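One-letter residues, chain by chain:
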Amino acid sequence: MSADMKGLVAAVTGGASGIGAAIARELQGRGCTVFVLDLNPESVPGGQTGLVCDVSDDDSVQAAVAEIASTAGQLDIVVNNAGIGAVGTVADNSDDEWHRVWDVNVIGIARMSRATLPLLRASHAAAIVNVSSIAATAGLPQRALYSATKGGVLSLTRAMAADLVRDGIRVNCVNPGTVDTPWVGRLLDQSSDSAAERAALCARQPHGRLVTADEVAAAVGYLASPTSGSTTGTSIAVDGGMQGLRLRPE
Ligand code: NAD
C-alpha cells in the first residue's frame, strides 16, 4: 500500500470493530496518524491511538477532539462510522429506541462534524467520509428505523458537502451491502437457523457473498485521500451490485 496520505491525521469513530477497524488499518497503511474514537477502544492495535468516545454525548465528542488537537495539532480526515442497528417494521420500535438509534447514527455525525470543523478548515486536505448503507437506497424488510437513519446519513452527506465545499472540505459517503463483521455475526447468532440466514444474505447480493470490511475500507480510503480531490457530495455503493443490478434468474 502506498503512503499517499503521509502527514495527514485521521479520526475514525467506531473504529475498534468491524468496518471501522478495517478503515483505521487502511488509513494507517496509507500513512495517516490514526485516532480511533470508540465506546471500547481497548482493542485498538499498535500505532493507532484509541480514545474513549460516545458519539451520542456532545461533551464526550468535544473532549476526544480536544485531545486530538492537543496531541496531533491537526486533523485532516474524519470518518463517521459509529452506528447501531435496529430491527422491525415501522410499528415495532418504541419512541425511546427511535431517539436512541437516531442519536447515534445521525446526530452523532453532526456532533463529530461540528466539533472537528475548525481543525478541518485549517487543513489543506480535509475530507469527511460518512458510513451510510444499502438501507438508504433500497427498501429492506424489518429495517424501518435503521433505514430512516441511513437515509438521513445520505442526505446529510450531500447537504454538508454543499455547505463545506467552499471551505475546502470534501464530504462523501459509502453505502455498504451486508458486510461480514461482528455486527452481522451477532444478528446471525440470534437467528434460529444461522446457516440458512447467512446463505439468504449472500444470495441477496448479486456477487453471491458478503462484502468484506476491507472492501468498504478501500472505498473509504479513496474518498478520504487527496487522490479524490474533485469528488464531493457523492456516495459509493460497496454492495456486490445489490443496489444497481437487475439480473435474470439463472
Ligand atoms: P460493529 O458493531 O462491528 O462495530 C461498530 C463499532 O462502533 C463498535 O466498535 C462500537 O463500540 C462502536 N460504537 C457503537 N456505538 C458507539 C457510540 N455511541 N460512540 C462511539 N462508538 C460507538 O459494526 P459494523 O458492522 O462494523 O458497522 C459499522 C458501520 O457500518 C455502522 O455505521 C453500520 O451502520 C454500517 N454498516 C454496516 C453494515 C454491515 O452489514 N455490517 C452494512 C452497511 C452499513
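Residues numbered from 1 in each chain as written. Predicted model: local features only at pLDDT ≥ 70, side-chain atom pairs only at ≥ 80, totals over all residues. Heavy atoms only, no water.

**Q** What's the story with the site of the ligand in this structure? I'm lost.
**A** Ser17, Asp38, Asn81, Tyr146 and Thr181 are the nearest of the 29 residues found near the ligand. With respect to the ligand, the backbone of Ile19 contributes an N or O atom lying 2.8 Å from an oxygen atom. Here Asp54 contributes a side-chain N or O atom positioned 2.9 Å from a nitrogen atom of the ligand. Considering the ligand on its own, with 830 Å² of exposed area, one finds that the protein chains cover 93% of that surface. A majority-of-atoms criterion places the ligand in the largest pocket. (Near = heavy atom within 4 Å. Polar contact = N/O pair within 3.5 Å; in protein donor to acceptor, adjacent residues only side chain to side chain. Areas by Shrake-Rupley, 256 points an atom, 1.4 Å probe, with all protein chains shown as cover. 1 Å grid on protein atoms, 1.4 Å probe; cavity = no way out; pocket = protein on both sides within 12 Å on 5 of 7 lines; lining within 4 Å. Sits in = over half its atoms within 2 Å of the grid points.)

**Q** Sorry, what's going on with the state of the cysteines here?
**A** By definition, a disulfide is the covalent link that joins the sulfur atoms of two cysteine residues. Enumeration according to the criterion identifies zero disulfides in this entry. No disulfide involves Cys32; its nearest neighbouring cysteine sulfur is the one of Cys53, lying 19 Å away. (Disulfide = S-S within 2.5 Å.)

**Q** Looking at this model, I keep getting lost on the pattern of salt bridges. Mind explaining?
**A** For side chains bearing opposite charge, pairing can occur when the charged atoms are close. Evaluated as defined, the whole model comprises nine salt bridges. Salt-bridge contacts for Asp4 lead to Arg30; the nearest nitrogen and oxygen are separated by 2.8 Å. Here Asp4, found in the segment before strand E1 (9–13), pairs with Arg30, found in the loop between helix H1 (18–29) and strand E2 (33–38); they are 26 residues apart in sequence, far enough to count as distant. (Salt bridge = Lys/Arg side-chain N within 4 Å of Asp/Glu carboxyl O. Helix = DSSP H or I, 4+ residues; strand = E, 2+ residues; numbered from the N terminus.)

**Q** Would you take a moment to explain the domain arrangement of the protein for this structure?
**A** Taken domain by domain, the protein comprises domain 1 (9–176 + 212–238) and domain 2 (180–210). Residue-level contacts link twelve residues of domain 1 with seven residues of domain 2. The three residues of domain 1 that bury the most area against domain 2 are Leu140, Thr212 and Glu215, which together make up 35% of that side's buried surface. Counting across the domain 1 and domain 2 interface gives one salt bridge. Where Glu215 meets Arg209, a salt bridge forms, and the shortest distance between an N and an O atom there is 2.7 Å. Classifying every residue of the side of domain 1 that touches domain 2 gives five nonpolar, five polar and two charged. (Domains from an automatic or database assignment. Contact = heavy atoms within 4.5 Å. Buried area = accessible area lost by both parts, 1.4 Å probe. Nonpolar A, V, L, I, M, F, W, Y, C, P; charged D, E, K, R; others polar.)

**Q** Explanation requested: the environment of Asp103 in the structure shown.
**A** In this fold, Asp103 is placed in helix H3 (residues 95–121). As a C-alpha pair, Asp103 and Asp54 span 49 residues in sequence and 11 Å in three-dimensional space. Look past the residues within four positions of Asp103 in its chain and what remains in contact with it is Val55, Ser56, Gly108 and Arg111.

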